[in-house]
Amino acid sequence: MSRSRSRTSRAIAGTVTALAVLTACGGGGDDPSAAGSAGSDGKPVTVTFWGWAKGSKDVVDAFNASHRNIKVTFEEIPSGTAGGYAKISNAVKAGNAPDLVSIEYSSLPEFVSSGALQDIGGEFTEADRAKLLPQAVELTTLGGRTWAVPFDAAPQAFFYRKDLFEKHGIEVPRTWDAFRSAAEKVRKADARSRIATFFPDDPTTFEAMAWQAGAQWFKAENDTWKIDTTDAATTKVAAYWQGLVDADLVHKNASFSPEWTGSLKNGTTIGYLGASWGAGVLKGTLPEQSGKWAVAPMPSWDGKPASGMLGGSTFAVTKDSDKKAAAVEFAEWMSTTEAGVKARIASGTSSAFPAATALRPVAKQVFDAGFYGGQDIYALFEESGAAIGRNWAWGPTTGTTNTAIKDRFGKITKGGPTIADAIKGGHEATVAELTKRGLKVEG
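The structure displayed is predicted, hence computed values, not measured ones. Along each chain, numbering runs from 1 in the same order as the chain's sequence is written. Local features in a predicted model are, by the rule used here, given only for residues with pLDDT of at least 70; side-chain atom pairs are given and counted only at 80 or more, and totals for whole chains, interfaces and linings are based on all residues. Side-chain calculation: all heavy atoms of the structure are included, whereas hydrogens and water are not.

A. Quick peek at the overall build of the chain. Each helix and strand in the chain was counted, giving 19 helices and 17 strands. Against the globule reference of 22 Å for 443 residues, the chain gives a C-alpha radius of gyration of 22 Å, in line with a compact fold. If you line up the chain on its principal axes, its C-alpha atoms span 70 × 50 × 40 Å. Relative accessible area decides the class of each residue, using a 1.4 Å probe on protein chains only: under 20% of the type maximum gives buried, over 50% gives exposed, and in between gives partly exposed. Relative to its full complement of 443 residues, the chain shows a buried share of 55%. Taking the contacts inside the chain whose residues are at least 6 apart along the sequence as the reference set, 78% of them involve residues at least 24 apart. The Shrake-Rupley method, run with a 1.4 Å probe sphere, supplies the accessible areas, and residue values consider only the shown protein chains as cover. A total accessible area of about 17,400 Å² is found for the chain, and carbon and sulfur atoms account for 50% of it. When charges are counted, neither His nor the chain ends are considered; positive counts come from Lys and Arg and negative counts from Asp and Glu. A single reference atom marks each charge: NZ on Lys, CZ on Arg, CG on Asp, CD on Glu. Averaged over its 48 positive side-chain charges, the chain has a centre that lies 3 Å from the centre of its 48 negative ones. For helices the rule is a DSSP run of H or I covering at least 4 residues; for strands it is a run of E covering at least 2, with both sets numbered from the N terminus onward. Our radius of gyration is a C-alpha quantity, and the globule rule it is checked against amounts to 2.2 Å times the number of residues to the power 0.38. Any two residues whose heavy atoms approach within 4.5 Å are treated as being in contact.

B. Structural detail: the side chain of S335. By secondary structure assignment, the location of S335 is in helix 14 (residues 324-336). Of the residues examined, S335 reaches a relative accessible area of 0% and is grouped as buried. Contact partners of S335, with chain neighbours within four places excluded, come to V149, P150, F151, F315, V341, A356 and L359.

C. Up close: the packing of aromatic side chains. Only the six-membered ring of Trp is used, alongside the rings of Phe and Tyr, when aromatic pairs are assigned; centres must lie within 6.5 Å, and planes under 30 degrees apart are stacked while those over 60 apart are edge-to-face, with the rest tilted. Per the counting criterion, the structure on display carries 38 aromatic pairs. With a centroid separation of 6.3 Å and an interplanar angle of 45°, the aromatic rings of W176 and W301 are classed as tilted. You can see W176 sitting in helix 9 (residues 176-189) and its partner W301 sitting in the loop between strand 14 (293-297) and strand 15 (313-317), a full 125 residues away along the chain. Residue class for W176 comes out buried when judged on its relative accessible area of 2%.

D. Highlighting the sheet that holds strand 15. A pair of strands is considered paired only if DSSP assigns at least 2 bridges between the two. What the 5 strands build is an open sheet, ordered 2-1-3-15-6; its pairing is mixed. Two strands bound the open sheet, and with one partner strand each, they are strand 2 (70-76) and strand 6 (149-150). Where strand 3 (residues 100-104) lies against strand 15, 5 bridges are found, and the strand directions are antiparallel. Within strand 15, the position partnered with V101 by the bridge is A316.

E. Here's a closer look at the sheet that holds strand 17 (residues 440-442). Pairing within the open sheet is mixed, and its 3 strands lie in the order 10-11-17. Where the open sheet ends on each side, the last strands, each with one partner, are strand 10 (218-221) and strand 17. Along the sheet, successive strands turn relative to each other by an average axial angle of 30°, direction set aside. Pairing of strand 10 with strand 11 (residues 224-227), which is carried by 4 bridges, proceeds in the antiparallel orientation. Pairing of F218 across the sheet is with I227, part of strand 11. The strands that helix 19 (residues 419-436) touches are strand 10, strand 11 and strand 17; relative to strand 11, the one it contacts most, it runs at about 170°. The axes used here are C-alpha line fits, helices contributing only the stretch in contact, and every angle between their N-to-C directions lies in the interval 0 to 180 degrees.

F. Just the pairing of strand 8 (residues 156-161), in detail. The element strand 8 is extensively covered by neighbouring structure, given that 6 of its 6 residues are classed as buried. The side-chain alternation of strand 8 yields two buried faces, one formed by Q156, F158 and Y160 and the other by A157, F159 and R161. Pairing geometry for strand 8 and strand 13 (residues 271-275), over 5 bridges, is antiparallel. In the strand pairing of strand 13, F158 is matched with L273. Here 5 bridges tie strand 8 to strand 14, and the two strands are oriented antiparallel to one another. The residue bridging A157 from the neighbouring strand is P297, located in strand 14.

G. Fine view of helix 19. What a helix should span is 1.5 Å times the count of its residues minus one. The end-to-end C-alpha distance of helix 19, which contains 18 residues, comes to 26 Å, matching closely the 26 Å that a straight helix rising 1.5 Å per residue would cover. When we look at burial in helix 19, the residues that qualify are I419, A422, I423, G425, G426, H427, T430, V431, E433 and L434. Two residues or fewer past helix 19, G438 is found with a positive phi of approximately 80°.

Rendered as structure tokens:
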């Protein structure tokens, strides 16, 4: 084990000590049938699944067509922060939750700490986990127990209009200093155009940039949570983005809103700071711009590869499910088999970067890179994925933290509330919520 991985593992272990409820509240439903076998009546085991990731229905259809002993019933729900997590939580409380749910890495500790999920370590073994990106495994392992099957990693990337960068003679920036210079050149070349967008509704993009810079907001030591959103890395990122916003060098639109999409379509936004899954989003949103886009590494502070993780999905079994083995078998099929990855990406809507390292070539083969001029975007994701920082861990109050930041991001104006003010508000809300839950807090 590398020194960095050992350090991360200790941080995760500390997280569990501070969140004693993690191992006390998790459900432990017993599956009436062994994985892959039919139920006691000889009929297929029916697993219910809720999710929203691109290509999910295609994956379910492919699984049902190729498996006789397990059948999956799928319901598409809104993305987690758009109402999906509330729907899952309410269903768990009401006792009518599905067997399997999609949960992003950032929200997993909160669901575990509320007792909504089951430990799946008996079904998803160490041998299974060894096939996956270590950072993804670490984010799904709490208290030495396994709470979800990682599906994809989500390393950061910069998507840009190659044709317009060439037209304006702008070099693709590899550092954040160069990114600001490029932003100035974009606006000078076309007063309506901007290099990218600050998303006031999306704290996760900012958090990924803080992660990339080396921040560590949540740290658990013994029985105490240490919260620090004012470290040097976060302060640097906040000041940098405040400068871009104040200088009107980036647009300020809600993520994936009609305004944002419209600006991409009319060429007044010529870049997107996103993640690996963003390749599929742009391809599906802007088919008429095929061949005009390219992908570059995320700018970093020193020009060397560095990334946070922006999103990324896991599959978890809810606490009252009595079909755990079958649910995990389906989750593993989606995440760790060639057929599962092919079914999702062949849908044409997904550019998922599998956490299963051996399946990256499969994803690359199936993804139609024509939209990006045939560029090998998976090679770029591979480099970025390997550079995901290892010190970041999510806390048990992500919803509270992000809601507080989002509310304040929407009020940011030149000379008014700042990004730093918003982060401070998130800090205060986090400390208050942890204290309310009876946990020891420093920060």
